[in-house]
Amino acid sequence: MRIAIIGAGISGLYLGWKLSKKGHNVTIFEKKERIGQEVCSGLISQRILEFIPESRKLIQNRINFALLHFPQKTIKLRFSKDFFLTSHFELDRLTADLAQKAGAKIILNHNVSFLPEGFDRIIGCDGPASFLRRNLGLPDPFFRLGIQGFIREKSSSDFVETWPCREGGFIWKIPRGDEVEYGIVTKPREAKKLFDNFLLKNKISLKEKKSKLTPQGFIVPANPLVTLCGDAAGLTKPWSGGGVIWGLTAAEILLNAFPDFLSYQKSMKKYFLPKIILSKNAVKLVYFLGFTTPWLLPKSKKVEPDFLI
């Protein structure tokens, strides 16, 4: 089948790779001049190796737990699966290489402004502000804003630190070897002010800051010929905003259902909606207790990082 994929992010590239390996004729359209996500912490669970075994060579550090700092209590979150610290930019480049070697055609610097013609199936992986989602008349997901920056400070610790925001979202600190990353993800109108106040209070001066919108929701159309995957469908974790594993999981569901997009939508509802609902409620409960009655929370808790927080 002739397949058009709009967006050369990790989900689109992964689908291009796998569909090409199955013998389909795949064209990936990317509006940017080069491939590679630049605004991302690259903190991805070890499940990445189940999808892209070749990504093992990109591992920079292993993260075993996180410290969740509420005003009056710190909670240690022990991950059931380790996190790898990688470069999302390099992960995208690696996956693009795999896709091209499998036969996928990648067209850069091509901003899709109408549905491409001559294709049997069209898949939108074109990010938070998805053209394809809006072209289908679907609503936007809920948006948060992520901001990140770095300081020159050597650190190879095996944990990250986070500071929840009362408004929702959190501030983070991640060790990256030769430098330390600080960032925030929260409501767009409040992100910059909250982050600047945190940096000022802690006397932290960052290098150039970068920002990116992070979607959260579930928007998969009931359309037999056109569908969405990854950020375009709003598939990010309700707490952290991370979307790599969720996007790749959705891609696998799509591959298993292909070319039946209606079956894909039904499978996605069955798999993701309970996890989204449970995760959102768990986050609300933890935040409420953390800011009001922190003594009710445990000092340490083992968690499933990809689907429950």
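Refer to the structure printed above.
Rules used throughout
- Residues numbered from 1 in each chain as written.
- Predicted model: local features only at pLDDT ≥ 70, side-chain atom pairs only at ≥ 80, totals over all residues.
- Heavy atoms only, no water.
- Pairing = 2+ DSSP bridges.
- Helix = DSSP H or I, 4+ residues; strand = E, 2+ residues; numbered from the N terminus.
- Axes fitted to C-alpha atoms, helices over the stretch in contact; angles between N-to-C directions.
- Contact = heavy atoms within 4.5 Å.
- Buried < 20%, exposed > 50% of the residue type's maximum accessible area, 1.4 Å probe, protein only.
- Right-handed = clockwise from strand over helix to strand, strands pointing away.
- Expected span 1.5 Å × (residues − 1).
- Arc of directions from axis to C-beta.
- Left-handed = near helix turned anticlockwise from the far one by under 90°.
- Nonpolar A, V, L, I, M, F, W, Y, C, P; charged D, E, K, R; others polar.
- Phe/Tyr/Trp six-rings, centres within 6.5 Å; stacked < 30°, edge-to-face > 60°.
- Lys NZ or Arg CZ within 6 Å of the ring centre and 35° of its normal.
- Salt bridge = Lys/Arg side-chain N within 4 Å of Asp/Glu carboxyl O.

A. Representation of the sheet that holds strand β6 (residues 105-107) within the structure. Read across the sheet, five strands follow the order β6-β2-β1-β7-β13 without closing on themselves; strand pairing throughout is parallel. The open sheet has two free edges, formed respectively by β6 and β13 (226-228), since each of these has just one partner strand. The mean inter-strand angle of the sheet, taken between neighbouring strand axes irrespective of direction, is 20°. Across the sheet, helix α1 (residues 10-21) lies against β1 (2-6), β2 (25-29), β6 and β7 (121-124), angled at about 165° from β2, the strand it touches most.

B. Spotlight on the pairing of β1. The buried fraction of β1 is high, at four of five residues. With respect to chirality, the unit in which β1 leads through α1 into the neighbouring parallel β2 is right-handed. Bridge count between β1 and β7: four bridges; the pairing is parallel. If you follow I6 over to β7, its bridge partner there is G124.

C. Expanded view of unusual backbone geometry. Cis geometry is adopted by the peptide bond preceding P259, which originates at F258 and carries an omega value of 5°. With a phi angle near 55°, N109 is a residue other than glycine that sits in the positive phi range. Along the polypeptide, N109 turns up in the loop between β6 and β7. Positive phi, close to 55°, is recorded for K203, a residue that is not glycine. Residue position: K203 is located in the loop between α5 (188-201) and β12 (210-216).

D. The arrangement of α5 in detail. For α5, built from 14 residues, the straight-helix expectation of 20 Å at 1.5 Å per residue is met to within 8% by its first-to-last C-alpha distance of 21 Å. Here α5 has its buried residues at A191, F195, F198 and L199. Buried residues of α5, viewed axially, fall in a sector of 95°; they line one side. What points out from α5, more than 90 degrees from its buried face, is the exposed set R189, K193, L200 and K201. The secondary structure elements touched by the buried residues of α5 are β8 (142-155), β9 (159-164), β10 (170-175) and β11 (177-186).

E. Focus on the packing of α1 against helix α6 (residues 244-257). At their nearest, the axes of α1 and α6 sit 9 Å apart, and the two run at 30° to each other. Our pair here, α1 against α6, has a crossing hand that is right-handed. Contacts from I10, S11, Y14, L15, K18 and L19 in α1 reach G247, L248, A251, E252, L254 and L255 in α6. Taken together, the residues that form the contact of α1 with α6 break down as eight nonpolar, two polar and two charged.

F. View of the packing of aromatic side chains. Tallying each qualifying case throughout the model produces 15 aromatic pairs. Both rings, one in F65 and one in F159, keep their centres 5.1 Å apart while their planes meet at 10°; by these two values the pair is stacked. Pair noted here: F65 is in strand β4 (residues 61-70) and F159 is in strand β9, with a separation of 94 residues, a long-range link. Through pairs of rings, three or more aromatic residues link up here, namely Y14, W17 and F51. When the ring centre of F65 is taken as origin, the NZ or CZ atom of K76, which lies over that ring, is 4.3 Å away. Across from the ring centre of Y271, 3.9 Å away, lies the NZ or CZ of K275, which sits over that ring.

G. The arrangement of the pattern of salt bridges in detail. According to the stated counting rule, one finds 14 salt bridges in the structure shown. Of the charged contacts, one joins E304 and R47 as a salt bridge, the two residues approaching to 2.7 Å between their closest N and O atoms. Taken together, the positions of E304 in the segment after β14 (300-303) and R47 in the loop between β3 (43-45) and α2 (48-51) put the pair 257 residues apart, joining distant regions of the chain. Neither E304 nor R47 differs from the other in exposure class; each is buried. With its nearest N and O atoms 2.8 Å apart, the salt bridge here joins K209 to D196. Here D196 lies in helix α5 and K209 lies in the loop between α5 and β12, a separation of 13 residues in the sequence. A residue is classified by how much of its surface remains accessible, and K209, at 39% relative accessible area, is partly exposed. The structure contains a network of salt bridges with shared partners spanning R47, K237, E304 and D306.

All we've got here are geometric facts, nothing functional implied.
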